[in-house]
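A look at the structure
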Amino acid sequence: MAIVSRSDSAIRVGIIRCDTHAHWYAPLIEKPDPQRYRKAHRGCHYYFYEPSAPHRPRFPAVRGMRIAKVFDEEDRTRAEGLSEAYCGRPKVCHTLDEVSDGVDLVYIADCNGEGEDHLRLARPGLVKGVPHFIDKPFAYRLKDARRMIAIAEEHGTAVMCASLLRYVPHLARFRTSLANIAPVHSLFIPNYGPSLACLFHCLSIAQHLLGEGCKSVESMGTEYCDLLRLRYRRSHALVFGARGTEPKRPAAAAQYGHSGYCVSAYGAGGDVHTPRIDDYLYPHAGVRIVKMARQLALTKKPPIPYETMLEPVKMIEAARLAHNTGRRVDLEDVR
Amino acid sequence: MIRVGMIGCNRRALWYAALMNELVPEEYAALAPASYHHMTYYQHVELQVAYARGMRVTKIYDPDARAAERIAAAFRKRPTVAASIHEVNEDVDAVLVANEDGDGSAHPALAAPGLRGGVPTFVDRPLAATVKEARAMLRLAQRNKAPLLSCSHTRMLPHAARFRARFEELGHVERGFVCGHGAQPAQIADAVELALSLFAEGFGRPVSVCSMGAQPCEVMLLECAAARGGAKRQVLIDNTPHETPRNAIWAKAMGAGPPLDSPAFDAFLQPEGGVAVPKALREMVRTGRSPMSPARLIEPTAVIEAARHAHNAPRAVPVPNAR
């Protein structure tokens, strides 16, 4: 059974899939060696360290956590690279099953994927009772997400899934400004990329700003989910380019190539727009999420209600059913 | 002085009459207080908006004679209330068909007598309910050498033109968005025409459209083809019924780099687009030509008709090529 490490009382974290997001969350879990980290992932180092002082982190790691194990079944060198950022201390595992042995938390990273393998990747650890932080999207199918919750509960543990966009404080501040234009009737969310991960971010933005309680989903477009309409009791959110092609973003001083979202809200009192919420700002949310993951590891209780985590997955299921059928799919009918 | 016959005695007709400085302010205030409010600002009795000079509404007509009588009293010089659609076209230099909230299906019958008589004619948005009817109106106009213009005031907004001039900042606009001001057919036409003028003109023609929502055209997704076979540009139009401040419409352009948001094209600004209509009508009388090509006249109707067919349909419906 997994327990919090007695020697240093730090929560031992096992990371599955050492993609960009693994490198992204890693410095919030435990401070790496800046030089080695830069070598392991220049892009993440770019955002997490001061431009003028590349050894000084912009965001401190959450206290009391350390990366104990890393694993990547597709490319072992990615796991080795991440381990190297911590001077080779985190053990590079050979098997999926090994990652969840002797750790207090498993993090399944997913930078830009579809979530199809999350259940498979989470199952070995969950049956051992290890809490799991699962990157977005929670799962490709709602039944997979529900299954992960069920397995966790059967084994006395818990799972959490959180999009950065659900916890970025800039959107929280923007939400308070909606009172200035109330009642809000339309939320406009242009999407950034074609993956389900990006769509999950957009749905999390809607959840962040309009709250839970999406009633129904409509979907249309020549390409799958070009446009999603999420209906709430008094308003709607339009997710534009929900799974469309990634816009071209040439890197230049004025047209930089970071991932980012600009959201607009329209209401009876006018219009308000977010600043560009992008890679420079996401770490503010990352800190909050890692703190929640720490709480998850300590309590084995979900820090976020499961229904909150499941709502975006239900929206995705509803969108699948609704797309180009010409009908609105109620979330309560999604099972 | 250009003599104008006005068809349709509604608030829209009053709005255009105000933009020709034809109304007694107090009467206008009584009949259309909101429009009066937006044209006077806070301490004025007289309207403060620019108006088209040299025009006089000499005749008005509405199938509802009482409506015609009611607005006739608001004019500085009372126009003749025509007894028939034919009479309003007699002894005038131009005709203006005002539409407050209709879908354009009445327009062919209302415009036909004037067009047959070769009278320069403005038909408020939308030109017609179907492309077939719109083409028939154009043929009638051409046969009788009657210059025909139809557009929304949103197409003529100088503020929209200035917003469009900023697109260069994006390098390349990949997507557009228009948040319209309502779900009535005329309001839908306002949003569609703004979308076309911002995102289709100078880029490529609208090729397909989807529609979803509680009623046709509530949420529209338009695809425009690049002129030289490049990437298509998607334009989302939100016509959900809702209250906007001062009847505002907004637009947003997205591409590489931060998006561009328009100012609110609201009731304070919209008269600047509206005044371009009587001015254009005045020019049509002078030159005998319409300032808009047949394709531009038909295109909004083509988009809206296709969207009606596309509504809640399994896939996008092609927009007939009007160009």
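What counts and how
- Residues numbered from 1 in each chain as written.
- Chains lettered and ligands numbered in written order.
- Predicted model: local features only at pLDDT ≥ 70, side-chain atom pairs only at ≥ 80, totals over all residues.
- Helix = DSSP H or I, 4+ residues; strand = E, 2+ residues; numbered from the N terminus.
- Rg over C-alpha atoms; globule rule 2.2 N^0.38 Å.
- Buried ≥ 20, exposed ≤ 12 C-beta atoms within 10 Å, placed from the backbone.
- Contact = placed C-beta atoms within 7 Å.
- Nonpolar A, V, L, I, M, F, W, Y, C, P; charged D, E, K, R; others polar.
- Pairing = 2+ DSSP bridges.
- Axes fitted to C-alpha atoms, helices over the stretch in contact; angles between N-to-C directions.
- Domains from an automatic or database assignment.
- Core = buried A, V, L, I, M, F, W, Y, C linked by C-beta atoms within 7 Å.
- Parallel < 35°, antiparallel > 145°, perpendicular 65-115°, else oblique.
- Left-handed = near helix turned anticlockwise from the far one by under 90°.

Counting its regular elements, chain B contains eleven helices and 13 strands. The C-alpha atoms of chain B give 19 Å as radius of gyration, which agrees with the globular expectation for 323 residues (20 Å, within 12%). With respect to the principal axes defined by its C-alpha atoms, chain B has extents near 55 × 50 × 40 Å. Taken over 323 residues, chain B has a buried fraction of 57%. Considering only contacts within chain B whose residues lie at least 6 apart along the sequence, 70% involve residues at least 24 apart.

Summing up its helical and strand segments, chain A has twelve helices and 17 strands in all. Dimensions of chain A, computed from the C-alpha atoms along their principal axes, are close to 60 × 50 × 35 Å. Considering only contacts in chain A between residues 6 or more positions apart, those separated by 24 or more positions represent 71%.

All right, on to the interface of chain A and chain B then. Every contact between the two is made by 34 residues of chain A and, on the other side, 34 residues of chain B. Ranked by residues supplied to the side of chain A that touches chain B, first place goes to strand E9 (residues 184-190) of chain A with four residues. Tallied by class, the residues present in the side of chain A that touches chain B amount to twelve nonpolar, 14 polar and eight charged.

In this section: the sheet that holds strand E3 (residues 80-81) of chain B. Residue and element names in this part refer to chain B. Ordered by their spatial adjacency, six strands build an open sheet running E3-E2-E1-E4-E5-E6, and the pairing between neighbours is parallel. Two strands in the sheet have a free side with no partner beyond their single neighbour: E3 and strand E6 (148-151). Pairing geometry for strand E1 (residues 2-7) and strand E4 (residues 94-97), over four bridges, is parallel. Pairing of Gly5 across the sheet is with Val95, part of E4. Sheet strands touched by helix H5 (residues 107-116): E1, E4, strand E5 (121-124) and E6. Its angle to E5, the strand with the most contacts, is close to 175°.

The next thing to look at is the pairing of E9(A). All names here are of chain A. With respect to burial, E9 is a largely interior element, seven of its seven residues being buried. Both E9 and strand E14 (residues 264-267) contribute to a ladder of four bridges, which runs antiparallel. By the bridge assignment, Phe188 is partnered in E14 with Ser264. By the bridge criterion, five bridges tie E9 to strand E12 (residues 236-240) in an arrangement that is parallel. Among the inter-strand pairings, Pro190 is bridged to a residue of E12, identified as Phe240.

We now examine the environment of B:Ala267. All names here are of chain B. The topology assignment puts Ala267 in the loop between strand E12 (260-261) and helix H9 (270-274). Spatially, the C-alpha atoms of Ala267 and Pro245 are 8.7 Å apart, while their sequence positions differ by 22 residues. Setting aside anything within four residues of it in sequence, one finds Ala267 in contact with His38, Arg246 and Asn247.

Glancing now at the domain arrangement of chain B. Residue and element names in this part refer to chain B. Split into domains, chain B comes out as domain 1 (2-154 + 273-291) and domain 2 (157-266 + 303-318). Taken together, the 16 residues of domain 1 in the interface contact 14 residues of domain 2. Its residues placed into classes, the side of domain 1 that touches domain 2 shows three nonpolar, nine polar and four charged.

Turning next to the sheet that holds strand E8 (residues 159-161) of chain A. All names here are of chain A. Strand order in this open sheet of six strands is E5-E4-E1-E6-E7-E8, and the pairing throughout is parallel. Taken across any chain shown, the strands that pair with only one partner, and hence form the sheet edges, are strand E5 (91-92) and E8. Pairing analysis gives three bridges linking strand E7 (residues 132-134) to E8, with the strands arranged parallel. Directly across from Ile134, in E8, lies its bridge partner Cys161. Across the sheet, helix H1 (residues 20-29) is in contact with strand E1 (11-16), strand E4 (65-71) and strand E6 (105-108); its angle to E4 comes to roughly 155°.

Grouped together as the largest cluster of nonpolar side chains are 216 residues, with contacts concentrated most on A:Leu105, A:Ile189, B:Ala195 and B:Val209. Among residues more than four places away in sequence, those in contact with B:Ala195 are B:Gly176, B:Val178, B:Leu222, B:Val235 and B:Ile237.

All names here are of chain A. Close contact between helix H7 (residues 142-154) and helix H12 (residues 306-322) brings their axes to 9 Å; oriented N to C, the two are set at 160°. Classed by the angle they form, the pair H7 and H12 counts as roughly antiparallel. Our pair here, H7 against H12, has a crossing hand that is right-handed. Facing H7, whose interface residues are Leu142, Ala145 and Ile149, H12 presents Tyr306, Leu310, Val313, Lys314 and Glu317.

Between A:Ala182 and A:Pro183 the backbone carries a cis peptide bond, its omega angle lying at -5°. Cis geometry is adopted by the peptide bond preceding B:Pro126, which originates at B:Arg125 and carries an omega value of -15°. Positionally, B:Pro126 belongs in the loop between E5 and helix H6 (131-143). One non-glycine residue, A:Cys87, lies in the positive phi region at around 60°. Along the polypeptide, A:Cys87 turns up in the loop between helix H4 (76-84) and E5. In this structure A:Cys87 comes out as exposed when scored by C-beta crowding, with 10 C-beta atoms within 10 Å. If you check the backbone angles, B:Lys145 has positive phi at about 50° while not being a glycine. Along the chain, B:Lys145 falls in the loop between H6 and E6. By the C-beta count within 10 Å, which is 11 here, B:Lys145 ends up exposed.

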